[in-house]
Amino acid sequence: MGEFDQLISRRGTDSIKWHVKDGELPMWIADMDFKAAPAILKAMREKVDFGVFGYEEPQAAYFEAVAHWYATEHQARPQTEWMLYCTGVVPAISAVVQHISHVGDNVVVQAPVYDIFYHSIENNGRHVLSSDLVYDRQAHSYAIDFADLEKKLAESLTTLMILCNPHNPIGKVWSRDELIQISTLCKKHHVVLLSDEIHGDLVFGEPTYTPLFSLPADLIQHTITTVSPSKSFNVAALHAATVIVPNENLRESVNRGINNDELGEPNLLAIPATIAAYTQSADWLHALKAKLVENRKVVDQFVSTELPEVQLASENATYLLWFDVSQVTDDAEKLTAFIREQTGLFLSAGTVYRGNGRYFLRMNIACPTKMVEDGLHRLKKGITEFKTQK
């Protein structure tokens with residue numbers, strides 16, 4: 001049995017994902033049911049065995065590891081002096097919202113998008129201004145309405161845009177040309193562009209992932225890129241992220257925000273585990289991606305033959321699949337609740353991501369294939385019974 005086929009019981013382990021009833025199958029929150037890479041586990045054990053856990057701060061080796069990873073995996077080496085440590089991508093986003101924009105400002109997003117963006121904006125007294133992605137119901141794909149995006153960026157109260165690249169929940173990576181267009185518009189209208197790139201390593205085929213910081217120098221002076229080993233290596237509880245800000249003045253402002261909010265101090269495992277991920281775990285990640293490709297094929301085959309009323313709208317990124325259930329219902333929240341009640345399958349309702357999310361469900365397939373197959377059979381049962389009781 002391969003390392004990605006092992007069924008690991010996570011019940012009773014303080015797991016948010018697996019805090020469910022007996023018999024339920026959670027395939028919602030974005031963490032994986034796989035053990036972390038051996039090099040990461042080894043680095044953690046060595047740190048614990050060392051036994052002294054005083055205050056720490058990342059040194060050159062940490063930032064060199066991040067730069068090494070992006071140079072070798074994505075052919076884009078960020079300068080280490082551009083980097084700041086933060087205790088997570090979401091805390092970094094909230095700090096940027098709070099310290100780079102002002103109360104009452106507009107923050108542009110592209111719905112449907114990761115729901116925590118809305119919380120970071122609204123909880124800090126800013127306004128969400130969405131340039132909704134345009135959905136092609138025939139091709140089952142999304143695109144940016146650049147005319148609408150420019151209109152939203154041009155509004156006088158708009159000071160910040162939060163980009164998701166690759167985009168969660170739709171499973172789409174933005175091309176280099178699209179990123180250039182977005183960054184050019186933000187520059188034109190004096191809007192800071194913050195890109196959440198936590199899923200950047202999990203892209204399959206073309207277009208490939210383009211880190212925002214790798215664009216031409218004149219297009220990155222108003223940008224902030226957030227990266228983390230969290231999703232790629234299943235270390236969400238590590239609470240480690242890197243914020244990449246090429247412009248010195250903007251970087252000083254971001255740094256002040258991170259430290260004002262006390263978000264710059266790593267826990268005892270964050271530094272060694274991140275270094276081990278980025279310098280010793282590439283082979284593990286490549287094997288993981290092969291498993292995810294296998295799981296995506298299983299889903300695609302099942303849906304096309306067993307659930308013709310459901311369309312897979314995800315493209316080539318992330319382990320989060322986006323199902324178009326518009327032929328079944330226009331109330332994804334009601335459908336997900338019904339499926340969970342009747343089958344125990346716990347999915348995310350697309351409504352939390354706003355936009356046209358009421359027609360969609362999100363499923364996490366970062367688990368052994370047997371678990372994916374179990375989830376698909378439960379999905380079919382739930383949808384079949386939902387249609388019957390309508």
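Notes on the structure in this doc start here.

## A word on the packing of helix 5 (residues 146–154) against helix 6 (residues 176–188)
Following both chains from N to C, one finds helix 5 and helix 6 inclined at 25 degrees, their axes separated by 9 Å at the closest point. On the basis of their axis angle, the class for helix 5 and helix 6 is roughly parallel. Seen along the crossing, helix 5 lies across helix 6 with a hand that is right-handed. The segment helix 5 lies against helix 6, with Phe146, Leu149, Glu150 and Leu153 engaging Glu178, Gln181, Ile182, Leu185, Cys186 and Lys188. Considered class by class, the residues forming the contact of helix 5 with helix 6 number six nonpolar, one polar and three charged.

## What to know about the packing of aromatic side chains
Taken as a whole and assessed by the stated rule, the structure comprises 18 aromatic pairs. Between the aromatic rings of Tyr62 and Tyr85, the centroid separation amounts to 5.6 Å while the plane-to-plane angle is 75 degrees, which identifies the pairing as edge-to-face. Of this pair, Tyr62 sits in helix 2 (residues 60–74) while Tyr85 sits in strand 2 (residues 83–86), and the two are 23 residues apart along the sequence. Relative accessible area serves as the criterion here: at 6%, Tyr85 is assigned to the buried category. Relative to Phe386, the ring of Phe338 has its centre 5.4 Å away and its plane inclined at 75 degrees; by these criteria the two rings are edge-to-face. Here Phe386 lies in helix 12 (residues 369–389) and Phe338 lies in helix 11 (residues 332–343), a separation of 48 residues in the sequence. In terms of burial, Phe338 and Phe386 fall into one category: buried. Through a chain of ring-to-ring contacts, the aromatic side chains of Phe4, Phe34, Trp69, Tyr70, Phe213, Phe233, Tyr278 and Trp284 assemble into a single cluster.

## Some remarks on the sheet that holds strand 14 (residues 348–349)
Strands sit in the order 11-12-15-14 across an open sheet of four strands; the sheet is antiparallel. Either end of the sheet is taken by a strand with one partner, and the two such strands are strand 11 (311–312) and strand 14.

## Comments concerning the pattern of salt bridges
Overall, the coordinates contain 19 salt bridges when judged by the stated rule. Asp5 is paired through a salt bridge with Lys291; the nearest N and O atoms lie 2.7 Å apart. Of this pair, Asp5 sits in the segment before strand 1 (25–26) while Lys291 is found in helix 10 (residues 282–306), placing the two residues 286 residues apart along the sequence. By relative accessible area, Asp5 is classed as partly exposed at 31%. Given a relative accessible area of 6%, Lys291 falls into the buried group. Of the charged contacts, one joins Asp218 and Lys187 as a salt bridge, the two residues approaching to 3.7 Å between their closest N and O atoms. Here the residue Asp218 occupies a position in the loop between strand 8 (192–196) and strand 9 (223–227), and Lys187 occupies one in helix 6, the gap between them amounting to 31 residues. For Asp218, a relative accessible area of 43% corresponds to the partly exposed category. Judged by relative accessible area, Lys187 falls into the partly exposed class, the value being 38%. One network of salt bridges, in which partners are shared, links Arg10, Lys17, Asp31 and Asp33.

## Some remarks on the pairing of strand 3 (residues 106–109)
In strand 3, alternate side chains face the same way, and those of Asn106 and Val108 on one face and Val107 and Val109 on the other are all buried. Alignment of strand 3 against strand 4 (residues 127–130), held across four bridges, turns out to be parallel. Pairing of Val107 across the sheet is with Val128, part of strand 4. Considered for its hand, the β-α-β crossover made up of strand 3, helix 4 (residues 115–122) and strand 4 is right-handed.

## Looking at the sheet that holds strand 8
A sheet is described by the order of its strands in space; here seven strands give the open sequence 2-10-9-8-7-3-4, paired in mixed fashion. Edge positions in the open sheet fall to strand 2 and strand 4, since each of these has one partner strand only. Direction aside, the axes of adjacent strands within the sheet are offset by 25 degrees on average. The strands touched by helix 8 (residues 248–260) within the sheet are strand 2, strand 8, strand 9 and strand 10 (241–244), with strand 2 carrying the most contacts at an inclination of about 15 degrees.

## A word on the pairing of strand 8
Counting buried positions over the five residues of strand 8 gives five, a clear majority of the element. A two-sided burial pattern is seen for strand 8, the buried positions comprising Val192, Leu194 and Asp196 on one face and Leu193 and Ser195 on the other. Sheet analysis places strand 7 (residues 158–164) next to strand 8, joined by five bridges and oriented parallel. Residue pairing in the sheet places Ile162 in a bridge with Leu194 of strand 8. Between the parallel pair strand 7 and strand 8, the chain is carried across by helix 6, and the sense of this crossover is right-handed. As paired elements, strand 8 and strand 9 share four bridges and run parallel to each other. Bridging across to strand 9, Ser195 finds its partner in Thr225.

## Things to note about the layout of surface pockets
Where empty space is left in the structure can be found by rolling a water-sized probe over the atoms. Here the largest pocket defines a volume of roughly 1300 Å³. As for the largest pocket, its lining consists of 49 residues, and the residues nearest its centre are Ala30, Asp31, Lys231, Ala236 and Ala237. Taken together, the elements giving at least two residues each to the lining of the largest pocket come down to helix 1 (38–50), helix 3 (89–100), helix 4 and helix 7 (230–233). In terms of residue class, the lining of the largest pocket is made up of 27 nonpolar, 12 polar and 10 charged. Its boundaries defined by the atoms lining it, the second largest pocket holds a volume of some 160 Å³.

## Some remarks on the nonpolar core
In this structure, Ile40, Met161, Phe323 and Leu379 are the most contacted members of the largest nonpolar core, which totals 106 residues. The residues contacting Leu379, other than those within four sequence positions of it, are Leu307, Phe323, Ile339, Leu345, Leu347, Leu361 and Met363. In terms of nonpolar packing, the next biggest core, distinct from the first, is built from 30 residues, Cys86, Val97, Val113 and Val192 among them.

Each value, and the rule that gives it
Residues numbered from 1 in each chain as written. Predicted model: local features only at pLDDT ≥ 70, side-chain atom pairs only at ≥ 80, totals over all residues. Heavy atoms only, no water. Axes fitted to C-alpha atoms, helices over the stretch in contact; angles between N-to-C directions. Helix = DSSP H or I, 4+ residues; strand = E, 2+ residues; numbered from the N terminus. Parallel < 35°, antiparallel > 145°, perpendicular 65-115°, else oblique. Left-handed = near helix turned anticlockwise from the far one by under 90°. Contact = heavy atoms within 4.5 Å. Nonpolar A, V, L, I, M, F, W, Y, C, P; charged D, E, K, R; others polar. Phe/Tyr/Trp six-rings, centres within 6.5 Å; stacked < 30°, edge-to-face > 60°. Buried < 20%, exposed > 50% of the residue type's maximum accessible area, 1.4 Å probe, protein only. Pairing = 2+ DSSP bridges. Salt bridge = Lys/Arg side-chain N within 4 Å of Asp/Glu carboxyl O. Right-handed = clockwise from strand over helix to strand, strands pointing away. 1 Å grid on protein atoms, 1.4 Å probe; cavity = no way out; pocket = protein on both sides within 12 Å on 5 of 7 lines; lining within 4 Å. Points joined across faces, edges and corners; volume = space filled by probe spheres on them. Core = buried A, V, L, I, M, F, W, Y, C linked by side-chain atoms within 4.5 Å.

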